[in-house]
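The residues making up each chain are set out below.
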Amino acid sequence: MTDAEYMLIALSRAQFQISAPTLALCPPEMGHEVAFAGRSNAGKSTAINILTRQKQLARASKTPGRTQLINFFALDEERRLVDLPGYGYAKVPIAMKLAWQKHLAHYLRERHTLRGLILLMDLRHPLSSFDRNMLDWAKQRNLAVHILLTKADKLNRGPAITALIAVRKSLKELNYEGSVQLFSATTRIGLDEAALQIGEWLQMPMPSQAESSDEAASAK
Ligand SMILES: Nc1nc2c(ncn2[C@@H]2O[C@H](COP(=O)(O)OP(=O)(O)OP(=O)(O)O)[C@@H](O)[C@H]2O)c(=O)[nH]1
Ligand SMILES: [Mg+2]
């Protein structure tokens, strides 16, 4: 079994744990967490559903701004995925927007179990001012970022690769660290790559590591 296959099976064990309105109400800080962030409608909930092979785990909706809480999905006692509230949705009252922003910032700044941030951006509208805000927060606390350029199925392969290269270049110019990949929930482009990144951050023991330690053991 490849590491990616192994990780996708581990992800398929994800179970809804809790929806927390504030940092104080998040689960106890044990183990490792990977959070999914991005503008409303970028495809966070859909990506979580595809990665976990569960159609309805994170509620994906056609109405942006539905996921207003910090949603936790547990793979096991030590490992969690976190679906963060989407930002940038225009039709939400300003007071509500500010409240979400506060909780989001609080979670990103203070959560000790957070190992990495999966930042989703629609391939056709990357690096909005909101996205750059997220990158700034991540940079401030030295948090690793992996960007999924979502809805890659909406462009042909050539233009999609061009867009990917452009985002990598902009990140460098803006002085942000972070890896970037294409992703599509529809065609499953980039599924393995995303799963492997999450596995690394969640410190999932992988089959290839077991093999190499077997080899090391038998070489002795
Ligand atoms: N074509 C295509 N559509 C997608 C893809 N991923 C998500 N969508 C669609 O984009 C819309 C928004 O997806 P969601 O997963 O709900 O987005 P979200 O980021 O969770 O949005 P909020 O919860 O509002 O923050 C839905 O209509 C999805 O079906 C994709 O890879 N390809
Ligand atoms: Mg959502």
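Heads up: the structure comes first, above all this text.
In this report, we go over the structure that sits alongside the text.

Each value, and the rule that gives it
Residues numbered from 1 in each chain as written. Chains lettered and ligands numbered in written order. Predicted model: local features only at pLDDT ≥ 70, side-chain atom pairs only at ≥ 80, totals over all residues. Helix = DSSP H or I, 4+ residues; strand = E, 2+ residues; numbered from the N terminus. Buried ≥ 20, exposed ≤ 12 C-beta atoms within 10 Å, placed from the backbone. Axes fitted to C-alpha atoms, helices over the stretch in contact; angles between N-to-C directions. Parallel < 35°, antiparallel > 145°, perpendicular 65-115°, else oblique. Contact = placed C-beta atoms within 7 Å. Nonpolar A, V, L, I, M, F, W, Y, C, P; charged D, E, K, R; others polar. Pairing = 2+ DSSP bridges. Right-handed = clockwise from strand over helix to strand, strands pointing away. Expected span 1.5 Å × (residues − 1). Arc of directions from axis to C-beta.

The helix and strand inventory of the protein chain stands at seven helices and seven strands. In the protein chain, the succession of helices and strands from N to C terminus is α-β-β-α-β-β-α-β-α-β-α-β-α-α. Dimensions of the protein chain along its principal axes, counting C-alpha atoms only, are 65 × 45 × 35 Å.

Right, let's talk about unusual backbone geometry for a bit. Among all residues except glycine, the phi angle is most often negative; among peptide bonds, the trans geometry is most common. We note that N142 has phi near 65°; this positive angle belongs to a residue other than glycine. Note that N142 resides in the loop between α4 (129-140) and β6 (144-150). Overall, N142 belongs to the exposed group, with 7 C-beta atoms counted inside 10 Å. For K151, which is not a glycine, the phi torsion comes out positive at approximately 60°. Of note, K151 is situated in the loop between β6 and α5 (157-173).

Take the packing of helix α1 (residues 3-12) against helix α6 (residues 191-201) next. Interhelical geometry of α1 versus α6 gives an angle of 75° and a closest axis separation of 9 Å. Relative to α6, the element α1 is oriented roughly perpendicular. Across the interface between the two elements, D3, A4, M7, L8 and L11 of α1 pack against D192, A195, L196, I198 and G199 of α6. Residues belonging to the contact of α1 with α6 are distributed by class as follows: seven nonpolar, one polar and two charged.

What follows concerns the pairing of β6. Most of β6 sits inside the fold, with six of its seven residues counted as buried. When strand β5 (residues 114-122) meets β6, the two strands line up parallel, connected through seven bridges. Within the sheet, the bridge partner assigned to M121 lies in β6 and is L149. For the crossover that starts at β5, traverses α4 and ends in the parallel β6, the hand is right-handed.

What follows deals with helix α3 (residues 94-110). Quick reminder: α-helices carry 3.6 residues per turn. Residues three or four places apart thus point the same way. With 17 residues, α3 extends 24 Å between its outermost C-alpha atoms, agreeing within 8% with the 24 Å of an ideal straight helix rising 1.5 Å per residue. Within the sequence span of α3, burial applies to W100, H103, L104, Y107 and L108. Buried residues of α3, seen end-on, are gathered within an arc of 130° and therefore sit on one face of the element. Facing away from the buried side of α3, by more than 90 degrees, are the exposed residues I94, A95, L98 and K102. Among the structural elements, β3 (70-74) and α4 are those in contact with the buried residues of α3.

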